[in-house]
Amino acid sequence: AQSVTQLDSQVPVFEEAPVELRCNYSSSVSVYLFWYVQYPNQGLQLLLKYLSGSTLVKGINGFEAEFNKSQTSFHLRKPSVHISDTAEYFCALIAGANNLFFGTGTRLTVIP
Amino acid sequence: DTAVSQTPKYLVTQMGNDKSIKCEQNLGHDTMYWYKQDSKKFLKIMFSYNNKELIINETVPNRFSPKSPDKAHLNLHINSLELGDSAVYFCASSVREGNEQYFGPGTRLTVT
């Protein structure tokens with residue numbers, strides 16, 4: 001069985017400050033990892049993905065994430081956030097041939 | 001040129017009614033999915049279809065039935081709606097099982 005844990009349900013941060021959204025996973029087989037963003041009243045948009053290769057993955061809107069196999073983590077980072085980054089962020093994984101399994105989400109609120 | 005589209009965007013109906021939500025993807029993907037997002041933003045897969053065959057059916061009530069007239073469409077039919085069915089329903093598609101998924105904008109269903 002697999003699981004995705006997002007320990008922080010809410011993260012407030014001031015505009016132009018750095019942010020890290022934490023994601024830990026558990027799986028007995030190799031995984032693909034994803035971060036999705038959901039803006040208010042909208043669908044999910046893929047931010048970035050890790051399939052293989054370099055453990056540092058860059059995505060859209062200045063976000064990046066690092067796959068750490070030993071710590072089973074895939075934390076999302078941005079060096080300087082904007083008001084427009086306020087949204088719900090979901091970490092997700094695919095293990096084997098199974099389907100996408102989501103974490104519970106982290107609400108990022110950027111404070112002016 | 002929306003990749004994954006859903007109709008309607010909002011659906012308000014009374015308990016006991018039967019309703020359908022339509023989903024279309026123009027990406028040429030082989031697999032389509034339905035997810036339910038509850039009031040706490042938790043996303044859970046309901047169904048997935050691969051080449052018109054149901055390949056996953058999570059523990060959802062049999063009042064919910066996916067219908068796929070062709071590879072580009074996966075509609076969700078719900079019979080005898082209940083208050084607990086109120087949620088946002090997302091359609092998604094992927095090239096094949098185990099690949100990244102692209103989401104539609106969601107359908108907010110409210111049962112009164």
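The structure presented is a predicted model; accordingly, all values stated were derived computationally and were not measured.

A. Structural context of the overall build of chain A. A count of helical and extended segments in chain A gives 0 helices and 12 strands. Taken over the C-alpha trace, chain A has a radius of gyration of 13 Å; the compact-globule value for 112 residues is 13 Å, and the two agree within 12%. Judged by the C-alpha coordinates and their principal axes, chain A covers about 40 × 30 × 20 Å. With 112 residues in all, chain A has 46% of them scored as buried. In chain A, the proportion of contacts linking residues at least 24 apart, taken out of those at least 6 apart, comes to 56%. Surface accessibility of chain A: about 5,300 Å² in total, with carbon and sulfur atoms responsible for 51%. Treating the 7 positive side-chain charges of chain A as one cloud and the 8 negative ones as another, the clouds have centres 8 Å apart.

B. The arrangement of the interface of chain A and chain B in detail. Opposite the 20 residues of chain A that make contact, chain B presents 20 residues. When chain A packs against chain B, the two sides together hide about 1,600 Å² of surface, and 55% of this comes from carbon and sulfur. Counting the surface chain A buries against chain B, the share from its top three residues, A:Leu44, A:Asn99 and A:Phe102, is 33%. Our count for the chain A to chain B interface comes out at 1 salt bridge. Here A:Lys49 and B:Glu100 are joined by a salt bridge, their closest N and O atoms 2.2 Å apart.

C. Inspection of the pairing of strand S2 (residues 10–13) of chain B at higher detail. All names here are of chain B. Alternating residues of S2 divide into Leu11 and Thr13, all buried, and Tyr10 and Val12, none buried. Pairing analysis gives 4 bridges linking S2 to strand S11 (residues 107–111), with the strands arranged parallel. Bridged to Tyr10 within S11 is Arg108.

D. Representation of the sheet that holds strand S7 (residues 64–70) of chain B within the structure. Residue and element names in this part refer to chain B. Strand order in the open sheet made by the 4 strands is S1-S3-S8-S7, with antiparallel pairing throughout. With partners counted over all chains shown, the strands left at the sheet margins are strand S1 (4–7) and S7, one partner each. Recorded for the sheet is a direction-independent mean angle of 20° between the axes of neighbouring strands. Across 5 bridges, S7 lies against strand S8 (residues 73–78) in antiparallel orientation. Pairing of Phe64 across the sheet is with Ile78, part of S8.

E. Examining the state of the cysteines more closely. Residue and element names in this part refer to chain B. One pass over the full model with this rule turns up 2 disulfides over all chains. Between Cys23 and Cys91 runs a disulfide, and the two sulfur atoms are separated by 1.8 Å. Taking the sign of the S-S torsion, about -75° here, the bridge from Cys23 to Cys91 comes out left-handed. Linking Cys23 in strand S3 (residues 19–25) with Cys91 in strand S9 (residues 87–94), this pair joins segments that are 68 residues apart in sequence. When sorted by exposure, Cys23 lands in the same class as Cys91, which is buried.

F. The pattern of salt bridges, seen in detail. All names here are of chain A. For the coordinates displayed, the defined rule picks out 9 salt bridges over all chains. Notably, a salt bridge pairs Glu20 with Arg77, separated by 2.8 Å at the nearest N-O pair. Note that Glu20 is positioned in strand S3 (residues 19–21) and Arg77 in strand S9 (residues 73–78), a separation of 57 residues in sequence. Look at Glu20 and you get partly exposed, because its relative accessible area is 35%. When salt bridges with common partners are traced through the structure, they connect Glu20, Glu66 and Arg77 into a single cluster.

G. View of the side chain of A:His75. Residues and elements named next belong to chain A. If you trace the backbone, His75 turns up in strand S9. Taking the relative accessible area as the measure of exposure, His75 reaches 13% and is therefore buried. If sequence neighbours within four positions are ignored, His75 has contacts with Glu20, Leu21, Arg22, Cys23, Asn24, Trp35, Glu64, Ala65 and Glu66.

H. Spotlight on the nonpolar core. Among the nonpolar cores identified, the biggest contains 29 residues, and A:Leu33, A:Trp35, A:Leu47, A:Leu48, A:Phe74, A:Leu76 and A:Tyr89 are the most heavily contacted of them. Of all the secondary-structure elements, those providing two or more residues to this core are strand S2 (10–14), S3, strand S5 (31–38), strand S6 (44–50), strand S8 (64–68), S9, strand S10 (87–95) and strand S12 (106–111) of chain A. Counting 19 residues, the second largest nonpolar core, distinct from the first, contains B:Val4, B:Met32, B:Leu74 and B:Leu76.

About the thresholds
Residues numbered from 1 in each chain as written. Chains lettered and ligands numbered in written order. Predicted model: local features only at pLDDT ≥ 70, side-chain atom pairs only at ≥ 80, totals over all residues. Heavy atoms only, no water. Helix = DSSP H or I, 4+ residues; strand = E, 2+ residues; numbered from the N terminus. Rg over C-alpha atoms; globule rule 2.2 N^0.38 Å. Buried < 20%, exposed > 50% of the residue type's maximum accessible area, 1.4 Å probe, protein only. Contact = heavy atoms within 4.5 Å. Areas by Shrake-Rupley, 256 points an atom, 1.4 Å probe, with all protein chains shown as cover. Lys, Arg positive; Asp, Glu negative; His and termini not counted. Charge placed at Lys NZ, Arg CZ, Asp CG, Glu CD. Buried area = accessible area lost by both parts, 1.4 Å probe. Salt bridge = Lys/Arg side-chain N within 4 Å of Asp/Glu carboxyl O. Pairing = 2+ DSSP bridges. Axes fitted to C-alpha atoms, helices over the stretch in contact; angles between N-to-C directions. Disulfide = S-S within 2.5 Å. Core = buried A, V, L, I, M, F, W, Y, C linked by side-chain atoms within 4.5 Å.

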